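Inside the fold
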Amino acid sequence: LDKGLRQIQKEIKVQQNFKERMIGDRFLDVAEEFVAVAKVQVDELVDMTADMKKEYSAALAFYGESSKTSSDEFFSYFSTFLQAFNDAHQDNVDAIKKKQDDERRQRLQEEAKKKEEERKESRRARQAAKAAGEFDDLVSALRSGDLY
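About the criteria used
- Within each chain, residue numbers correspond to sequence positions counted from 1 in written order.
- This being a predicted model, a pLDDT of at least 70 is required before a residue's local features are given, and a value of 80 or more before pairs of side-chain atoms are given or counted; all residues contribute to the totals for chains, interfaces and linings.
- Calculated side-chain values reflect all of the structure's heavy atoms, with hydrogen atoms and water omitted.
- What counts as an axis is a line fitted to C-alpha atoms, over the stretch in contact for a helix, and the angles between N-to-C directions run from 0 to 180 degrees.
- Strands are runs of DSSP state E lasting at least two residues, helices are runs of H or I lasting at least four, and both sets are numbered from the N terminus onward.
- Should an angle fall under 35 degrees it is taken as roughly parallel, and over 145 as roughly antiparallel, whereas 65 to 115 is taken as roughly perpendicular and any remaining angle as oblique.
- Crossing handedness follows the turn of the near helix against the far one: under a right angle anticlockwise gives a left-handed crossing, and clockwise gives a right-handed one.
- Should any heavy atoms of two residues lie within 4.5 Å, those residues are counted as being in contact.
- Under the scheme applied, nonpolar residues are Ala, Val, Leu, Ile, Met, Phe, Trp, Tyr, Cys and Pro; charged residues are Asp, Glu, Lys and Arg; polar residues are all the others, including Gly.
- Patches were defined on residues exceeding 30% relative accessible area and lacking a salt bridge, with like-charge contacts within 9 Å and nonpolar side-chain contacts (Val, Leu, Ile, Met, Phe, Trp, Tyr) within 5 Å.
- Accessible surface area values rest on a Shrake-Rupley calculation with a 1.4 Å probe, where residue burial reflects the displayed protein chains alone.
- Any carboxyl oxygen of Asp or Glu that lies within 4 Å of a side-chain nitrogen of Lys or Arg is treated as forming a salt bridge with it.
- We call a residue buried when its accessible area falls under 20% of the maximum for its residue type, exposed when it is over 50%, and partly exposed in between, using a 1.4 Å probe and counting protein chains only.
- Here is the rule: rings of Phe, Tyr and Trp (six-membered ring for Trp) pair when centre to centre is within 6.5 Å. Planes less than 30 degrees apart are stacked, more than 60 are edge-to-face, and the remainder are tilted.
- Two N or O atoms form a polar contact when they lie within 3.5 Å of each other; inside protein one atom must be a possible hydrogen donor and the other a possible acceptor, and for residues adjacent in sequence the pair counts only when both atoms belong to side chains.

Close contact between helix α2 (residues 27-62) and helix α3 (residues 71-144) brings their axes to 12 Å; oriented N to C, the two are set at 55°. The pairing of α2 with α3 is recorded here as oblique in orientation. Of the two elements, α2 crosses α3, and the hand of that crossing is left-handed. Seen from α2, the contacting residues are Tyr-56, Ala-59 and Leu-60; seen from α3, they are Ser-71, Phe-74 and Phe-75. Looking at side-chain class alone, the contact of α2 with α3 contains five nonpolar, one polar and no charged residues.

Right, let's talk about a nonpolar patch on the surface for a bit. Where nonpolar side chains cluster on the molecular surface, the patch consists of Leu-1, Leu-45 and Met-48 and spans about 350 Å² of accessible area. Here Leu-1 is to be found in the segment before α1 (2-17). The class of Leu-1 is exposed, set by a relative accessible area of 73%.

Within the structure shown, the criterion is met by nine aromatic pairs. Plain terms: the ring middles of Tyr-56 and Phe-74 are 5.7 Å apart, the flat faces sit at 85° to each other, and that makes the pair edge-to-face. Of the two residues, Tyr-56 is situated in helix α2 and Phe-74 in helix α3; the sequence distance between them amounts to 18 residues. Under the relative-accessibility criterion, Tyr-56 is labelled buried at 18%. Look at Phe-74 and you get buried, because its relative accessible area is 2%. Taken together, a centroid distance of 5.3 Å and an interplanar angle of 80° make the contact between Tyr-63 and Phe-78 edge-to-face. Within this pair, whereas Tyr-63 is found in the loop between α2 and α3, its partner Phe-78 is found in helix α3, the two being separated by 15 residues in sequence. Here Tyr-63 falls in the partly exposed class, since its relative accessible area comes to 45%. Members of the aromatic cluster, joined through ring pairs, are Tyr-56, Phe-62, Tyr-63, Phe-74, Phe-75 and Phe-78.

This paragraph deals with the side chain of Thr-69. Structurally, Thr-69 is set in the loop between α2 and α3. The class for Thr-69 is buried, based on a relative accessible area of 9%. Within the local environment of Thr-69, its side chain forms a polar contact with the backbone oxygen of Ser-66, the two atoms lying 2.9 Å apart. Leave out the neighbours within four places in its chain, and Thr-69 touches Tyr-56, Leu-60 and Phe-74.

Moving on: the pattern of salt bridges. This model, assessed by the stated rule, comprises seven salt bridges. The closest approach of N and O atoms between Lys-98 and Asp-102, which form a salt bridge, is 3.0 Å. Pair noted here: Lys-98 and Asp-102 are both in helix α3, with a separation of four residues, about one helical turn. Several salt bridges share partner residues, and in doing so they unite Lys-98, Asp-102 and Arg-105 into one network.

Next comes the structure, spelled out in structure tokens:
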């Protein structure tokens, strides 16, 4: 960007030295205005790039990486870590859900088994009551003499 800007500035100087200009030619006005705005933006970008390089070097040093490590390689470490972290997190979420499902299924099975036992016990109690009722009827019939 800086090199291209310098080339435009050189062209402006050449055009300024050129004595014959066409009527209505606004190249110099437009180019000078463009250079003024672009120079400020390019200077800001150069400063930001220098700051970014310093920060990147500091990050490399912090993580114990060689100063020759490319940014693609360096940031791929974070990408790989974050992907593995997300996978592990999802595995944990899935394991918790499975455990909860298993516990719910076991609880429902235990409740169903308990209800079945209660039904069996109720059936036994009714049969015992029915048998006791028949026995009581027999005893009553014997006492009253209705059985003879």
